[in-house]
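Understanding the architecture of this molecule
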Amino acid sequence: MSKKKLCALCVLCGEFQNQSTMNKPQITIKDIARELGVSPSTVSRALKDNPDISQETRDAIHKYAREHNYKPNVLALNLRTSRSNTIGVIIPQLVHHFFSCVLSGIEETAAKAGYNILVAQSNEEYEREVKIVHSFLAARVCGVITSLAKDTSRYDHYQELLDNNIPIVFYDRICTGINTERVVVDDYAGSFAAVEYMIQTGCKRIFFYSAAPHLEISKNRRNGYLDAMKKYRIPVDQSMIKLCDTREKAIAITPALLEGPDRPDGFFAINDETASGILYSCKLVGRKVPDEVSICGFTDGAIAQSTDPKLTTVEQHGEEVGKSAIRLLIEKLEGNDEGKSSNKIVRTNLVVRGTTK
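Here is what the cut-offs are and how they apply
- Residues numbered from 1 in each chain as written.
- Predicted model: local features only at pLDDT ≥ 70, side-chain atom pairs only at ≥ 80, totals over all residues.
- Heavy atoms only, no water.
- Pairing = 2+ DSSP bridges.
- Helix = DSSP H or I, 4+ residues; strand = E, 2+ residues; numbered from the N terminus.
- Axes fitted to C-alpha atoms, helices over the stretch in contact; angles between N-to-C directions.
- Contact = heavy atoms within 4.5 Å.
- Salt bridge = Lys/Arg side-chain N within 4 Å of Asp/Glu carboxyl O.
- Buried < 20%, exposed > 50% of the residue type's maximum accessible area, 1.4 Å probe, protein only.
- Parallel < 35°, antiparallel > 145°, perpendicular 65-115°, else oblique.
- Left-handed = near helix turned anticlockwise from the far one by under 90°.
- Nonpolar A, V, L, I, M, F, W, Y, C, P; charged D, E, K, R; others polar.
- Phe/Tyr/Trp six-rings, centres within 6.5 Å; stacked < 30°, edge-to-face > 60°.
- Lys NZ or Arg CZ within 6 Å of the ring centre and 35° of its normal.
- Polar contact = N/O pair within 3.5 Å; in protein donor to acceptor, adjacent residues only side chain to side chain.
- Expected span 1.5 Å × (residues − 1).
- Core = buried A, V, L, I, M, F, W, Y, C linked by side-chain atoms within 4.5 Å.

A few points about the sheet that holds strand 11 (residues 343-346)
Strand order in the open sheet formed by six strands is 2-1-3-4-5-11, and the pairing between neighbours is parallel. Two strands lie at the open edges of the sheet, namely strand 2 (116-121) and strand 11, each paired on one side alone. The sheet shows a mean angle of 15° between the axes of neighbouring strands, direction not considered. Its contacts with the sheet put helix 6 (residues 97-112) on strand 1 (86-91), strand 2, strand 3 (143-146) and strand 4 (168-171), and the angle it makes with strand 2 is roughly 165°. Each of strand 1, strand 3, strand 4, strand 5 (181-185) and strand 11 touches helix 14 (residues 318-333); the most contacted strand, strand 5, lies at about 170° to it.

Shown next, in the form of structure tokens:
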């Protein structure tokens, strides 16, 4: 074979090889994650040399990406970086007075600032929350305001938002494992004030009805309860703290407690719905409120003023929480936050009504 023909053949082979390479499907972040047994968000952060990912993991991911000719999806990057004026908002349950007040505050402030909002309800379900986050990604929202569902204990979906340069503000039920803006009410101070008042008005055996223990609001309200009891040297045993955060659960477990040998003379409930269930249970077994049993809730919504007697409760100021959350997010979006993460604490106040002395 002549040198000229050999060269032509080599060129032809090269063209076929190039064509083959061009036609070969590009690997994605999900492909790398699957092969290395890590999450897609870990791969994304490692490729950006995020220091939160160990050097060993970053090296392994970079090596695999080089060996398999990984290239970022330019179209996807362009879509992610194209700015919209729509903010995604996740509400655990719209039926709760507090969350509806938060939404009202968000809507009012967003409209004045020229932003639209896209609202979704997780209905207290982790899987549904994940789907909502992915739908927000697809909708290319510019930011997200969210409160965790009760059973959410994994946060990869929120990290995915941050990896796509979408800022997050958590409110009420926050995630401490991710560095973001947060707005909370002063759960500890509100709980302490409520329990202290009940002690000062004669209660000596106060039970605490709590939400899921991994939630920050549960931890803070529990600590406020415990510290108030400790201040007045009132002993607390584990039987006095119950996992009960709905009216139905309260009605199911409270009557037996009220008829037991060491029955409580006071209840501090994680929310007004639970407190209303306690009040109903007292009426079922013939306990007088507040003469024999004092009850305090947390929220100060419509329920608190519709019971008989009306509920003593801790006011959360939900509308102010919503306004603070949207302001923090807008500051982040418009570059007025100086690159720092902020925490906003909204103060509570005790509203004394007929279920306490």
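Now that the structure has been shown, the text picks up again.
Regarding the pattern of salt bridges
Tallied over the entire structure, the rule returns 16 salt bridges. Across the pair Lys-63 and Glu-67 runs a salt bridge whose closest N-O atoms are separated by 4.0 Å. In this pair, Lys-63 and Glu-67 both sit in helix 4 (residues 55-67), four residues apart, roughly one turn of the helix. Look at Glu-67 and you get exposed, because its relative accessible area is 54%. Between Arg-205 and Asp-237 there is a salt bridge, with the nearest N and O atoms lying 3.9 Å from each other.

Observations concerning the environment of Asn-220
Within the secondary structure, Asn-220 is located in helix 10 (residues 216-231). Residue contacts for Asn-220: discarding those within four places in its chain leaves Asp-187 and Tyr-188.

Focus: the packing of helix 2 (residues 29-36) against helix 4
Two numbers describe how helix 2 lies on helix 4: the axes approach to 11 Å, and their chain directions differ by 120°. By the criterion of interaxial angle, the relationship of helix 2 to helix 4 is oblique. Taken as a pair, helix 2 and helix 4 cross one another with a handedness that is right-handed. On the side of helix 2, the interface is formed by Ile-32, Glu-35 and Leu-36, while helix 4 contributes Ala-60, Ile-61, Tyr-64 and Ala-65. Its residues placed into classes, the contact of helix 2 with helix 4 shows six nonpolar, no polar and one charged.

Side note on the packing of aromatic side chains
Tallied over the full model, the rule gives nine aromatic pairs. Sitting over the ring of Phe-298, Arg-221 keeps its end group 3.7 Å from the ring centre. The lysine or arginine in question, Arg-247, covers the ring of Tyr-280, its NZ or CZ lying 5.3 Å from the ring centre.

Observations concerning the side chain of Asn-164
Topologically, Asn-164 is positioned in the loop between helix 8 (156-163) and strand 4. Side-chain polar atoms of Asn-164 contact the backbone oxygen of Glu-160, separated by 2.7 Å.

Observations regarding helix 6
Between its first and last C-alpha, helix 6 extends 23 Å over 16 residues, near the 22 Å set by a 1.5 Å rise per residue. By the burial criterion, the buried members of helix 6 are Phe-98, Phe-99, Cys-101, Val-102, Leu-103, Gly-105, Ile-106, Thr-109 and Ala-110. In the core, the buried residues of helix 6 are packed alongside strand 1, strand 2, strand 3, strand 4, strand 9 (294-299) and helix 14.

Some points on the packing of helix 7 (residues 126-138) against helix 8
Closest axis-to-axis distance for the helix 7/helix 8 pair is 9 Å, and the angle between their directions is 15°. Comparing their axes, helix 8 and helix 7 come out roughly parallel. As for how helix 7 packs across helix 8, the hand of that crossing is left-handed. Counting all contacts with helix 7, which are made through Tyr-126, Glu-129, Val-130, Val-133, His-134 and Leu-137, the residues of helix 8 involved are His-157, Tyr-158, Glu-160 and Leu-161. Among the residues forming the contact of helix 7 with helix 8, the class breakdown is six nonpolar, two polar and two charged.

Remarks on the nonpolar core
Among the nonpolar cores identified, the biggest contains 64 residues, and Ile-87, Ile-145, Ile-206, Tyr-225, Phe-268 and Ile-295 are the most heavily contacted of them. For this core, the element with the highest residue contribution is helix 14, accounting for seven residues. Setting aside anything within four residues of it in sequence, one finds Ile-295 in contact with Met-198, Phe-267, Ala-275, Ile-278, Leu-279, Cys-282, Val-289, Leu-311, Thr-312, Thr-355 and Thr-356. Listed in part, the 18 residues of the second largest apolar core include Ala-120, Leu-137, Ile-166 and Val-184.

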